[in-house]
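This is what each chain is made of:
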Amino acid sequence: CQTPWAGSTPAVEHPGERETVVLLHGLGRGSLAMWLLAQRIENAGYHVERIGYSSLNVTPQEILEEVTSQIDSCCAHHQKPVHYVGHSLGGLLIRAYLQEKRPDNIGRVVLMGTPNQGTPIVDAFRDKWWMKFLGPTTSALGTENDSFPGSLEAPFYPVGVIAGVANTRRNDAWLPGPDDGLVTVEATKLEGMSDFIVIRTGHSFMRYDQEVARQTVSFLRDGRFSRQQGESRVPGGH
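Residues numbered from 1 in each chain as written. Predicted model: local features only at pLDDT ≥ 70, side-chain atom pairs only at ≥ 80, totals over all residues. Heavy atoms only, no water.

(A) Summary view of the overall build of the chain. The helix and strand tally for the chain stands at eight helices and six strands. When the helices and strands of the chain are read in sequence order from the N terminus, they spell out β-α-β-α-β-α-β-α-α-α-β-α-β-α. Contacts spanning at least 24 positions in sequence make up 72% of the contacts within the chain whose residues lie at least 6 apart. With the model as given, the accessible surface of the chain reaches about 11,300 Å², and the carbon-plus-sulfur share is 50%. (Helix = DSSP H or I, 4+ residues; strand = E, 2+ residues; numbered from the N terminus. Contact = heavy atoms within 4.5 Å. Areas by Shrake-Rupley, 256 points an atom, 1.4 Å probe, with all protein chains shown as cover.)

Laid out in structure tokens, this is it:
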């Protein structure tokens, strides 16, 4: 059965008549990793395009070229708004794509666990053999000014940021403050963001979390996250 927030029936009957959501997975994953989130967004009345890409032993620019080709093929000429949802590295790729292409049909963007300011865990373990094994894109996710996140401009489109907080914290030595196991809450924040919310979930499981999906749909629909009465909001951008 459908969840209450998804609605009892899709808003429209045919994918071509729906607004599209482009969905990007994170580092070391494939498009199948986003199947449950895709299903929940589809149930809310959107048509979903899952974009898959290889991320190990390739550069961010090589990944971006692969992603750009797929998004252009599926969605560049849509008349209805095209929204974007990215988990972790997928969010950075969305930002890079939109910065380069600036499509006229852009809708709203949701970034989930995305290291918008880089992640200190890369800084701490950059010289380890296993970090080098993961390839240049992983090494480019640090906090330096010349990192991949550091190369991206502030958004010119409405963007909601979802940060996760894991149930246990064992990484204080290299992830200061609340974190989802790989990315700190502070590192997900983005100058110019429209809204921001923290959800208790780990980094990898974020894409399966029902509350993450509910908040994603809320932002796609309304341009803001859904909160209980009296719950505080975090101002965008700072």
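(B) Region of interest: the sheet that holds strand β4 (residues 106-112). Taken in spatial order, the six strands line up as β2-β1-β3-β4-β5-β6 in an open sheet, and their pairing is parallel. Looking at which strands have only one partner, the edges of the open sheet turn out to be β2 (47-51) and β6 (195-199). Going from strand to strand, the sheet's axes swing by 20° on average, the running direction of each strand aside. Relative to β6, strand β5 (residues 159-164) runs parallel, the two sharing five bridges. Looking across to β6, one finds that Val161 is bridged to Phe196. Across the sheet, helix α1 (residues 35-43) touches β1 (20-24), β2, β3 (82-87) and β4, and the angle it forms with β2 is around 160°. (Pairing = 2+ DSSP bridges. Axes fitted to C-alpha atoms, helices over the stretch in contact; angles between N-to-C directions.)

(C) Broad picture of the pattern of salt bridges. One pass over the full model with this rule turns up five salt bridges. Residue Arg18 pairs with Glu42 through a salt bridge whose shortest N-O separation is 2.9 Å. Pair noted here: Arg18 is in the segment before β1 and Glu42 is in helix α1, with a separation of 24 residues, a long-range link. A residue is classified by how much of its surface remains accessible, and Glu42, at 26% relative accessible area, is partly exposed. A salt bridge links Asp72 to Lys101, with the nearest nitrogen and oxygen atoms 3.1 Å apart. Of this pair, Asp72 sits in helix α2 (residues 60-75) while Lys101 sits in helix α3 (residues 89-101), and the two are 29 residues apart along the sequence. (Salt bridge = Lys/Arg side-chain N within 4 Å of Asp/Glu carboxyl O. Buried < 20%, exposed > 50% of the residue type's maximum accessible area, 1.4 Å probe, protein only.)

(D) Quick peek at the pairing of β2. Across five bridges, β1 lies against β2 in parallel orientation. Looking at β2, one finds that Leu23 is bridged to Arg50. Running through α1, the crossover from β1 to the neighbouring parallel element β2 is right-handed. (Right-handed = clockwise from strand over helix to strand, strands pointing away.)

(E) Inspection of the confidence of the model for the chain at higher detail. Per-residue pLDDT for the chain has a mean of 83; in total, 76% of the residues score no lower than 70. Within the chain, the lowest mean pLDDT, 58, falls on helix α5 (residues 129-134), and the highest, 98, falls on β4. Taken as a whole, residues 1-13 scores under 50 in pLDDT and shows 21 contacts with residues more than four places along the chain or in a different chain. Here residues 229-238 is a poorly scored stretch, pLDDT under 50, and it has 13 contacts once near neighbours within four places are set aside; other chains count. (pLDDT = per-residue confidence, 0-100.)

(F) Quick peek at the packing of aromatic side chains. Under the defined criterion, the tally for this structure stands at three aromatic pairs. When the centroid spacing of 6.1 Å and the interplanar angle of 45° are considered together, the rings of Tyr84 and Tyr97 count as tilted. Of this pair, Tyr84 sits in strand β3 while Tyr97 is found in helix α3, placing the two residues 13 residues apart along the sequence. Each member of the pair Tyr84 and Tyr97 is classed as buried. (Phe/Tyr/Trp six-rings, centres within 6.5 Å; stacked < 30°, edge-to-face > 60°.)

(G) Highlighting the environment of Ala163. Within the secondary structure layout, Ala163 lies in strand β5. Each C-alpha atom of the pair Ala163 and Ile197 lies 6.3 Å from the other, and the pair is 34 residues apart in sequence.

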